[in-house]
Amino acid sequence: MNTIILKSDGSFVQNDAPVSADPLMFLGHKVELGRDYTLRSFFKMVDHYPVFAKLSAFLPECLQQYRACPESECLAPGVGHLELYKTVEMTGFPGEPRLDIYHTLCGVAGQDTCEIKAFPLENLLDMPVRIGKLKHIVFGDQVDALEFDTIFNLFEFIEGIVWQLSFHRSPKECTLRR
């Protein structure tokens with residue numbers, strides 16, 4: 001699989017060469033995170049490649065929040081880093097089997113994870129970001145949970161982060177009409 005490395009300045013490289021071609025061509029490429037990659041690096045990438053802002057209805061509002069944040073020292077107390085991981089859940093067997101796959105961005109402190117929606121974006125931007133494992137959960141007579149090394153392609157990486165950050169506010173797309 002082709003690999004790109006996301007750099008802390010918001011650019012990405014393939015085979016040690018900066019990507020200058022259409023960045024959409026790289027959405028299916030495996031992502032590795034460069035040294036000192038933070039959540040701020042993610043937003044710098046979207047600024048560097050503005051076409052990425054069109055990938056999610058939530059991203060323009062996230063960018064607006066990002067631009068209103070301080071330029072440094074945006075850290076969450078008690079959290080060591082942020083981790084993006086995948087979960088695969090198998091449910092309904094016997095019966096109507098179903099497979100759900102989703103991405104989660106969480107805070108990690110030591111061995112413990114925590115939801116980040118309690119933290120404003122201004123407390124997350126300078127947190128290091130890491131790629132986590134795939135958690136395979138099988139619900140049946142007993143619950144089995146396994147962890148595996150996994151990869152994220154660029155689209156999954158962008159969508160996974162934006163999806164989680166979308167819970168930090170109530171965008172007009174999610175409001176209920178009364």
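Sorry if this is basic, but what is going on with the overall build of the protein here?
Looking only at helices and strands, the protein has three helices and nine strands in total. Relative to its full complement of 178 residues, the protein shows a buried share of 43%. Considering only residue pairs separated by 6 or more positions, the protein has 71% of its internal contacts joining residues 24 or more positions apart.

What is the right way to read the nonpolar core from this model?
Ranked by size, the top nonpolar core spans 42 residues in total, and within it Phe12, Leu39, Phe42, Phe43 and Leu154 carry the most contacts. Put simply, the parts of the chain that give this core at least two residues each are strand E1 (3–6), helix H1 (39–48), helix H2 (59–67), strand E5 (81–91) and helix H3 (154–165). The dominant element in this core, judged by the number of residues it contributes, is H3, at six residues. Setting aside residues no more than four positions away along its own chain, Phe42 makes contact with Tyr37, Leu59, Phe157, Ile158, Ile161 and Val162.

Is there a simple way to think about the environment of Phe43 in this case?
Along the chain, Phe43 turns up in helix H1. Sequence spacing of Phe43 and Cys62 is 19 residues, and the spatial spacing of their C-alpha atoms is 8.8 Å.

Explain unusual backbone geometry here, please?
Most of the time, phi is negative for any residue but glycine, and the peptide bond is trans. Even without being a glycine, Asp36 presents a positive backbone phi close to 60 degrees. Of note, Asp36 is situated in the loop between strand E4 (30–33) and H1. We note that Glu73 has phi near 60 degrees; this positive angle belongs to a residue other than glycine. Residue Glu73 is classed as exposed on the basis of its relative accessible area, which comes to 66%.

Explain the pairing of E1 to me, please; I cannot follow it from the model alone.
Each regular strand shows side chains that alternate between the opposite faces of the sheet. Burial of E1 is one-sided: the residues Ile4 and Leu6 facing one way are buried, the residues Thr3 and Ile5 facing the other way are not. Both E1 and E4 contribute to a ladder of four bridges, which runs parallel. Residue pairing for E4: Leu6 is matched across the bridge by Leu33. Linking two consecutive strands that pair antiparallel, namely E1 and strand E2 (residues 12–14), is a turn of five residues; a positive phi of about 100 degrees is found at Gly10 within it.

I keep staring at the packing of H1 against H3 and nothing clicks. Help me out?
Each pair of packed helices gets described by two things: the angle between the helix axes and the distance between those axes. Two elements in contact, H1 and H3, have axes whose closest approach is 12 Å; the angle formed by their N-to-C orientations is 115 degrees. Considering their axes alone, H1 and H3 lie roughly perpendicular with respect to each other. Considering the relative orientation of H1 and H3, their crossing is left-handed. Facing Leu39, Phe42, Phe43 and Met45 of H1, the residues of H3 in contact are Leu154, Phe157, Ile158, Ile161, Val162 and Leu165. The residue inventory of the contact of H1 with H3, partitioned by class, reads ten nonpolar, no polar and no charged.

Help me understand the state of the cysteines, please; the structure alone is not making it clear to me.
Covalently bonding the sulfur atom of one cysteine to the sulfur atom of another cysteine gives a disulfide. Tallied over the full model, the rule gives zero disulfides. In this structure Cys114 is not part of a disulfide, and its nearest cysteine sulfur, from Cys106, lies 7.0 Å away.

Is there a simple way to think about the packing of aromatic side chains in this case?
Summed over the entire model, instances satisfying the criterion amount to ten aromatic pairs. A centroid spacing of 4.8 Å and a plane angle of 10 degrees characterise the contact between Phe43 and Tyr66, whose relative ring orientation is stacked. One end of the pair, Phe43, is in helix H1; the other, Tyr66, is in helix H2, with 23 residues separating them in the sequence. Of the two residues, Phe43 and Tyr66, neither departs from the other in class, the shared state being buried. Through pairs of rings, three or more aromatic residues link up here, namely Tyr37, Phe42, Phe43, Tyr66 and Phe157.

What is the right way to look at the sheet that holds E4 in this model?
Think of a sheet as strands paired side by side through backbone hydrogen bonds, with each pair either parallel or antiparallel. Spatially, four strands are ordered E3-E2-E1-E4 in an open sheet, and the strand pairing comes out mixed. Of all strands in the sheet, those with a lone pairing partner are strand E3 (17–18) and E4, marking the two edges. Where E1 and E2 come together, two bridges link them in antiparallel fashion. Counterpart to Leu6 in the pairing with E2 is Phe12.

What counts and what doesn't
- Residues numbered from 1 in each chain as written.
- Predicted model: local features only at pLDDT ≥ 70, side-chain atom pairs only at ≥ 80, totals over all residues.
- Heavy atoms only, no water.
- Helix = DSSP H or I, 4+ residues; strand = E, 2+ residues; numbered from the N terminus.
- Buried < 20%, exposed > 50% of the residue type's maximum accessible area, 1.4 Å probe, protein only.
- Contact = heavy atoms within 4.5 Å.
- Core = buried A, V, L, I, M, F, W, Y, C linked by side-chain atoms within 4.5 Å.
- Pairing = 2+ DSSP bridges.
- Axes fitted to C-alpha atoms, helices over the stretch in contact; angles between N-to-C directions.
- Parallel < 35°, antiparallel > 145°, perpendicular 65-115°, else oblique.
- Left-handed = near helix turned anticlockwise from the far one by under 90°.
- Nonpolar A, V, L, I, M, F, W, Y, C, P; charged D, E, K, R; others polar.
- Disulfide = S-S within 2.5 Å.
- Phe/Tyr/Trp six-rings, centres within 6.5 Å; stacked < 30°, edge-to-face > 60°.

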